[in-house]
Amino acid sequence: MNSNMTRTKALIEQMALQGVKEWVVCPGSRNATFIKSLARCQSLDIHYHFEERSAGYFAIGRILQSDRPVAVVTTSGTAVANLFPAVIEAHHQELPLVVVSADRPESYRGSGAPQSMNQIQIFGEYAGETIEWGEAVQDLKLNLRHPNHVNVCFAEPLVDGEPEVSQIGPVKDFHLSQQVDDSARAEKDLGHLGSKPLIILSAVLPKYREALMELLRETQLPIYIECGSQLKPLEAEWGHALQSGEFALRHLYEVGFFDSIVRIGGVPTVRFWRDLEDLQLPVVHFSSTQFKGLSYETALYSLPTIFEAGPTYALKTWKHPDAELIKKQDCALYELKQKAINDKPNSELALLQNWLRLLSGSKNQVYVGNSLPIRELDLLDWNRVSVDTSIFTQRGMNGIDGSVSLGAGLAVPSKNTWCVLGDLTTLYDLSGFWSIKQRPELPLNYVVINNGGGKIFSRIYDDPNFENRHGLMFESLAQMWGLTYCLVRSLEDFKNLSGTQNLIEICPDNRQSKELWQTLKVIAK
Ligand SMILES: Cc1ncc(C[n+]2csc(CCOP(=O)(O)OP(=O)(O)O)c2C)c(N)n1
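Residues numbered from 1 in each chain as written. Predicted model: local features only at pLDDT ≥ 70, side-chain atom pairs only at ≥ 80, totals over all residues. Heavy atoms only, no water.

Student: What's the story with the pattern of salt bridges in this structure? I'm lost.
Tutor: Once their charged atoms are close, side chains differing in charge can pair, the charge on each being opposite to the other. Counted according to the given criterion, the structure contains 21 salt bridges. One salt bridge connects lysine 9 with glutamate 13, and the closest N-O pair in it is separated by 3.2 Å. On the criterion of helical spacing, the pair formed by lysine 9 and glutamate 13 is a turn pair, its members being 4 residues apart in helix H1 (residues 4-17). Relative accessible area serves as the criterion here: at 29%, glutamate 13 is assigned to the partly exposed category. Between arginine 185 and aspartate 182 there is a salt bridge, with the nearest N and O atoms lying 3.7 Å from each other. On the basis of relative accessibility, which here comes to 48%, the residue arginine 185 falls in the partly exposed class. Overall, aspartate 182 belongs to the partly exposed group, its relative accessible area being 40%. One salt-bridge network, held together by shared partners, links Arg250, Glu254, Arg271 and Asp275. (Salt bridge = Lys/Arg side-chain N within 4 Å of Asp/Glu carboxyl O. Helix = DSSP H or I, 4+ residues; strand = E, 2+ residues; numbered from the N terminus. Buried < 20%, exposed > 50% of the residue type's maximum accessible area, 1.4 Å probe, protein only.)

Student: Please clarify how the layout of surface pockets should be interpreted in this entry.
Tutor: Each pocket or cavity is described by its volume, and for the second largest pocket that value is around 710 Å³. Taken together, 37 residues make up the lining of the second largest pocket; nearest its centre are Gln93, Ala203, Gly266, Ser288 and Arg395. Listed by contribution, the elements that provide at least two residues to the lining of the second largest pocket are helix H3 (52-66), helix H5 (84-93), helix H7 (206-218), helix H9 (271-279) and strand E13 (390-393). The element best represented in the lining of the second largest pocket is E13, accounting for 3 residues. A per-class count over the lining of the second largest pocket returns 17 nonpolar, 13 polar and 7 charged. (1 Å grid on protein atoms, 1.4 Å probe; cavity = no way out; pocket = protein on both sides within 12 Å on 5 of 7 lines; lining within 4 Å. Points joined across faces, edges and corners; volume = space filled by probe spheres on them. Nonpolar A, V, L, I, M, F, W, Y, C, P; charged D, E, K, R; others polar.)

Student: Would you take a moment to explain the sheet that holds strand E5 (residues 131-132) for this structure?
Tutor: Remark on secondary structure: sheet strands pair via backbone hydrogen bonds, oriented parallel or antiparallel. In space, the 6 strands of this open sheet follow the order E2-E1-E3-E4-E6-E5, with parallel pairing throughout. For this open sheet the edge positions go to strand E2 (45-48) and E5, each flanked by a neighbour on one side alone. Against the sheet, H1 contacts strand E1 (22-25), strand E3 (70-74), strand E4 (97-103) and strand E6 (148-153), and its axis sits at roughly 165° relative to E6. (Pairing = 2+ DSSP bridges. Contact = heavy atoms within 4.5 Å. Axes fitted to C-alpha atoms, helices over the stretch in contact; angles between N-to-C directions.)

Student: Would you mind going over empty space enclosed by the protein with me for this structure?
Tutor: Counted according to the given criterion, the structure contains 2 cavities of 30 Å³ or more. By volume, the largest cavity amounts to about 90 Å³. The wall of the largest cavity is formed by Tyr224, Ile225, Leu242, Gln243, Gly245, Asp378, Leu379, Leu380, Trp382 and Asn383. Of all the elements in the fold, those that place two or more residues in the lining of the largest cavity are strand E8 (223-225) and helix H13 (372-379).

Student: Got a minute to help me understand the domain arrangement of the chain in this structure?
Tutor: For an interface, size is often stated in terms of accessible area lost upon the parts coming together. If you check the domain split of the chain, you get domain 1 (4-153), domain 2 (183-330) and domain 3 (344-513). Summarising the inter-unit geometry, the C-alpha centres of domain 1 and domain 2 are found 38 Å apart. Contacts between the two partners involve 7 residues from domain 1 and, on the opposite side, 5 residues from domain 2. Broken down residue by residue, the surface that domain 1 buries against domain 2 is led by Asp67, His92 and Glu94, which jointly contribute 65%. (Domains from an automatic or database assignment. Buried area = accessible area lost by both parts, 1.4 Å probe.)

Student: I tried to follow a nonpolar patch on the surface on my own but got confused; where do I start?
Tutor: A cluster of nonpolar residues, Phe457, Ile460, Tyr461 and Phe466, forms a patch on the protein surface that exposes about 370 Å² of accessible area. Within the secondary structure layout, phenylalanine 457 lies in the loop between strand E15 (444-449) and helix H17 (475-480). Residue phenylalanine 457 is classed as partly exposed on the basis of its relative accessible area, which comes to 31%. (Patch = residues over 30% accessible without salt bridge, like charges linked within 9 Å, V, L, I, M, F, W, Y side chains within 5 Å. Areas by Shrake-Rupley, 256 points an atom, 1.4 Å probe, with all protein chains shown as cover.)

Student: Can you help me understand the site of the ligand in this one?
Tutor: Of all residues adjacent to the ligand, which total 18 residues, the nearest are Ser371, Leu424, Thr425, Gly453 and Lys455. Threonine 425 is positioned such that a nitrogen or oxygen atom in its side chain is 2.6 Å from an oxygen atom of the ligand. Here an oxygen atom of the ligand sits 3.0 Å away from a polar atom, N or O, in the main chain of isoleucine 456. Looking at the shell around the ligand, the elements with two or more residues in it are H13 and helix H15 (423-428). Here the shell around the ligand takes 4 residues from H15, the largest share from any one element. Here the residues of the shell around the ligand sort into 7 nonpolar, 8 polar and 3 charged. (Near = heavy atom within 4 Å. Polar contact = N/O pair within 3.5 Å; in protein donor to acceptor, adjacent residues only side chain to side chain.)

Student: I'm lost on the side chain of threonine 269 in this one. Help?
Tutor: Residue position: threonine 269 is located in the loop between strand E9 (260-265) and H9. Here threonine 269 is in contact with Glu226, Ile374, Arg375, Asp378 and Arg395, once residues within four sequence places are set aside.

Student: Quick question: what am I supposed to make of the nonpolar core here?
Tutor: Proteins that are soluble and globular tend to have nonpolar side chains buried together. The biggest cluster of nonpolar side chains holds 155 residues, and the ones touching the most others in it are Met15, Trp23, Phe34, Val100, Ile261, Trp355 and Tyr446. Not counting the four nearest positions on each side in its chain, valine 100 is found in contact with Leu11, Met15, Trp23, Phe34, Val72, Val73, Thr74, Val150 and Val152. (Core = buried A, V, L, I, M, F, W, Y, C linked by side-chain atoms within 4.5 Å.)

Student: Honestly, the environment of lysine 327 in this entry has me stumped. Any pointers?
Tutor: Among the structural elements, lysine 327 can be located in helix H11 (residues 323-343). Judged by its relative accessible area of 29%, lysine 327 is partly exposed. Between the C-alpha atom of lysine 327 and that of tyrosine 224, which follows or precedes it by 103 residues, the distance is 12 Å.

What follows is the structure in structure tokens.
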């Protein structure tokens, strides 16, 4: 029988063969052999966390940044269950999150013994079949287009020898990618769309960005680009990229400028995407995941299918009859929007617009959280910041959980990372700040838009019970975690920024924000 230490070593080595270079360790006793062994692996990157929910989202941030699988190892019991939200998020973004859960021996299951429960298939359909790492050393087969769950039972004594892993061979190179689908059928489906399609561009994997830029430079179709697409047109390059932002899409539809959609990338954020459920416009997807993000019948193809001759030709040669008119209308809406924002200088949108202007250099990256921040960025001139500024989002489940951690996971030494989050979103993941304590040298800023609760709901319901209103301020939070604090109530306050790791609390004038939303609604009528 192999010792606990030998089985642990074998699993770490097998994971490295599949491309796992980074581990997030959430220590307990049951996973003691991992803690001992991983500490000896010089060629692996190890992070430590005490809270599994945050650790899971931190790992997602690392996956998005590194384009590689990342493992989280936990002790037994509820520790494993706390990874559920991150597993669901990774499932919907098709990210290779690998959960390794230590377990008590099988005979304990259902006995009610401390920290023992049935961990097999705990994540249901979201992590495929649980891989049971048994007594004999096996070949490990992960499916890296999905989250994976590996469960390892350990009998006592848990640490039954010296850690055997001192060196792991070269970790396998790994890049996320997709297969090509039937391109002739995709070309045919494009042909069946209406005569005036709109392209909606959402998140795309880094490996496809360049080729997609190339293709879209030549299309004559109007393109709505989401801030999280990671693609930025240079102004002169893409004449057909809409500038006016998400608030104008419904208007452009209603005046008859498009009658169908070509979606490229992840499931879009834009409000108009939800409107499609009523409008039932025909859609052809070139998707980065298996998800359509719509409940009605539409045609779905993998993203690389768009680069096959048929679909590429169709998109490059399609003449949109209203191309020039759209451009004119889009410019007019853009000007009206800018004027409305400038008229309310202390509104949430105007303050965010000023923050965007701080990103003029090339050494920045942004993570934008759900609720209003992502909608607001989509409305602003995010595409005018430097072309090198990547914008990341968390669009699998549109959750407000785990965002502090995910942003910390994205941080790198070579770029200034900015995480733009709502106040409740920040409060949701307070333990997420633990991750930055381990990496105090990384340039990282949390921009917390404190509008006193879940203000997105005030745009839908006239009822404060939805909002969890509060009067909390974030200065003492910054102090607790050693972040430099800066309070922003007006444009001038941005001048007070300093420090390597900052918490910038933006307190907008809620009355101005509300009036601005009303004005924008009128403009887009
Ligand atoms: C995990 C999770 N719980 C609840 C929700 C529902 N929800 C959507 S937005 C929101 C409020 C967010 O408030 P805040 O972070 O302050 O941002 P704001 O709305 O003010 O922009 C809530 C609770 C969700 N999306 N995800």
